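Next come the chains, spelled out residue by residue.
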Amino acid sequence: MIRAGETLLVATRNRGKTNEFRAAFAPLGIEVRDLNEAPEAIPDIVEDGETFADNALIKARIVSEATGLPTLADDSGLCVDALGGAPGVYSARYAGAGASDADNNAKLLRELAATGLTPPDEAAAAGAPDALSAARFVSALVLYAPGGETKTAEGDVRGFILPTPRGEGGFGYDPLFWLPNYGRTMAELSTEEKNAVSHRGEALRRLLARL
Ligand code: ITT
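What comes next concerns the included structure.

Basis of the calculations
Residues numbered from 1 in each chain as written. Predicted model: local features only at pLDDT ≥ 70, side-chain atom pairs only at ≥ 80, totals over all residues. Heavy atoms only, no water. Helix = DSSP H or I, 4+ residues; strand = E, 2+ residues; numbered from the N terminus. Buried < 20%, exposed > 50% of the residue type's maximum accessible area, 1.4 Å probe, protein only. Near = heavy atom within 4 Å. Polar contact = N/O pair within 3.5 Å; in protein donor to acceptor, adjacent residues only side chain to side chain. Areas by Shrake-Rupley, 256 points an atom, 1.4 Å probe, with all protein chains shown as cover. 1 Å grid on protein atoms, 1.4 Å probe; cavity = no way out; pocket = protein on both sides within 12 Å on 5 of 7 lines; lining within 4 Å. Sits in = over half its atoms within 2 Å of the grid points. Nonpolar A, V, L, I, M, F, W, Y, C, P; charged D, E, K, R; others polar. Phe/Tyr/Trp six-rings, centres within 6.5 Å; stacked < 30°, edge-to-face > 60°. Contact = heavy atoms within 4.5 Å. Axes fitted to C-alpha atoms, helices over the stretch in contact; angles between N-to-C directions. Parallel < 35°, antiparallel > 145°, perpendicular 65-115°, else oblique. Left-handed = near helix turned anticlockwise from the far one by under 90°. Salt bridge = Lys/Arg side-chain N within 4 Å of Asp/Glu carboxyl O.

## Remarks on the overall build of the chain
Argument step 1. A tally of regular secondary structure across the chain gives six helices and seven strands.
Argument step 2. In the chain, the order of α-helices and β-strands from amino to carboxyl end is β-α-β-α-β-α-α-β-β-β-β-α-α.
Argument step 3. By its C-alpha atoms, the chain is 50 × 35 × 25 Å across when sized along the principal axes.
Argument step 4. Considering the chain as a whole, with its 211 residues, one finds that 45% of them fall into the buried category.

## Notes on the site of the ligand
Argument step 1. Around the ligand sit 20 residues in total, of which Thr12, Lys59, Asp174, Lys194 and Arg200 are the nearest.
Argument step 2. Residue Thr12 places a side-chain N or O atom 2.6 Å away from an oxygen atom belonging to the ligand.
Argument step 3. In this structure, Asp174 approaches the ligand through a side-chain N or O atom, which is 2.6 Å from a nitrogen atom.
Argument step 4. Summarising the interface, the protein chains cover 90% of the accessible area of the ligand, which totals 610 Å² for the free molecule.
Argument step 5. At a threshold of 2 Å from the grid points, most atoms of the ligand map onto the largest pocket.
Argument step 6. Considering each element in turn, the shell around the ligand owes the most residues, four residues, to strand β3 (residues 71-80).
Argument step 7. Counted by class, the shell around the ligand contains four nonpolar, seven polar and nine charged residues.

## A look at the packing of aromatic side chains
Argument step 1. Tallied over the full model, the rule gives two aromatic pairs.
Argument step 2. Summarising the aromatic geometry, the rings of Phe137 and Phe177 are spaced 4.4 Å apart at their centres and angled 40° between planes, so their arrangement reads as tilted. With a gap of 40 residues between them, Phe137 in strand β4 (residues 133-144) and Phe177 in strand β6 (residues 177-179) connect regions that are remote in the sequence.
Argument step 3. A residue is classified by how much of its surface remains accessible, and Phe137, at 5% relative accessible area, is buried.
Argument step 4. On the numbers, 6.5 Å between centres and 45° between planes, the contact of Phe160 with Trp178 is tilted.

## Details of the side chain of Asn195
Argument step 1. The residue Asn195 is located in helix α5 (residues 191-197) in this model.
Argument step 2. When near neighbours in sequence (up to four residues on either side) are disregarded, Asn195 contacts Glu20, Ala23, Ala24, Gly201 and Arg205.

## Quick notes on the packing of helix α1 (residues 15-25) against helix α6 (residues 199-209)
Argument step 1. Here α1 crosses α6 at 45°, and the two axes come no closer than 11 Å. Considering the angle they form, α1 stands oblique to α6. Judged by the sense of rotation from one axis to the other, the crossing of α1 with α6 is right-handed. Contacts between α1 and α6 pair Lys17, Glu20, Phe21, Ala24 and Phe25 from the former with Arg200, Leu204 and Leu208 from the latter.
Argument step 2. Broken down by class, the residue content of the contact of α1 with α6 amounts to five nonpolar, no polar and three charged.

## With respect to α1
Argument step 1. Every buried residue of α1 is listed here: Gly16, Lys17, Thr18, Glu20, Phe21 and Phe25.
Argument step 2. Between a side-chain oxygen at the N-terminus of α1 and the backbone nitrogen of Gly16 the separation is 2.8 Å; the capping residue is Asn14.

## With respect to the pattern of salt bridges
Argument step 1. For the coordinates displayed, the defined rule picks out 14 salt bridges.
Argument step 2. The partner of Glu20 in a salt bridge is Arg200, with the nearest N and O atoms 2.7 Å apart. One end of the pair, Glu20, is in helix α1; the other, Arg200, is in helix α6, with 180 residues separating them in the sequence. Side by side, Glu20 and Arg200 carry an identical accessibility label, which is buried.
Argument step 3. For Glu47, the salt bridge is made with Lys59, and the minimal N-O distance between the two is 3.4 Å. A residue pair is termed long-range when its members are at least 10 positions apart, and Glu47 in the loop between β2 (31-34) and α2 (52-67) and Lys59 in helix α2 qualify at 12 residues.
Argument step 4. Judged by its relative accessible area of 31%, Glu47 is partly exposed.
Argument step 5. Its relative accessible area of 6% is what places Lys59 among the buried residues.
Argument step 6. Within the structure, one salt-bridge network assembled from shared partners comprises Lys17, Glu20, Asp74, Asp174, Lys194 and Arg200.

See below:
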């Protein structure tokens, strides 16, 4: 569906995701372009699916049909144990439509404080005694080819939510998401390190194995 020397369109306006896809596809000789650079008119995309996979398919199909190009879409989010899996598919708009990453992170810390829960024992055992909850990042990927052929894959990574942000890299909730195996937050990793451990990196390796 996509070969070395070709350009892959990624159905995202999130430059953080684009950076990660660019780093992952460069060694394969595949250039990545996103919707911020798409000259074609792309219809409004309403992400009203109930699952990450539903929303990834919505994005990939709309953009592929509008452009006639094979299109990769990611739908992803953070599922926090102490919040019953929230914000989940609402991660991008947790603090409201148009919320910034800082707004979403602040809301996450407010909601966790409101639970009144004590830090989980597993966090202390993992080396983060002040962590507020265990959590999981999830990514669903859909590669949609003109004509309707699709390949799909999911990935996830477990970690803990810290009470204060750390690191300048990545995007979204990365500064609050601490990885026991690295002893660092996702925002303290390089793009290559993040791709090696992240939900999106895992989903992408699984997707490439299915091509
Ligand atoms: P597109 O729909 O244009 O791709 P988006 O940011 O709105 O961009 P999603 O609907 O998939 O994408 O929402 C994903 C949100 O989940 C994202 O905005 C972050 O808040 C969070 N998220 C997902 N992956 C993340 C990651 O690797 N690091 C930090 N936060 C992440």
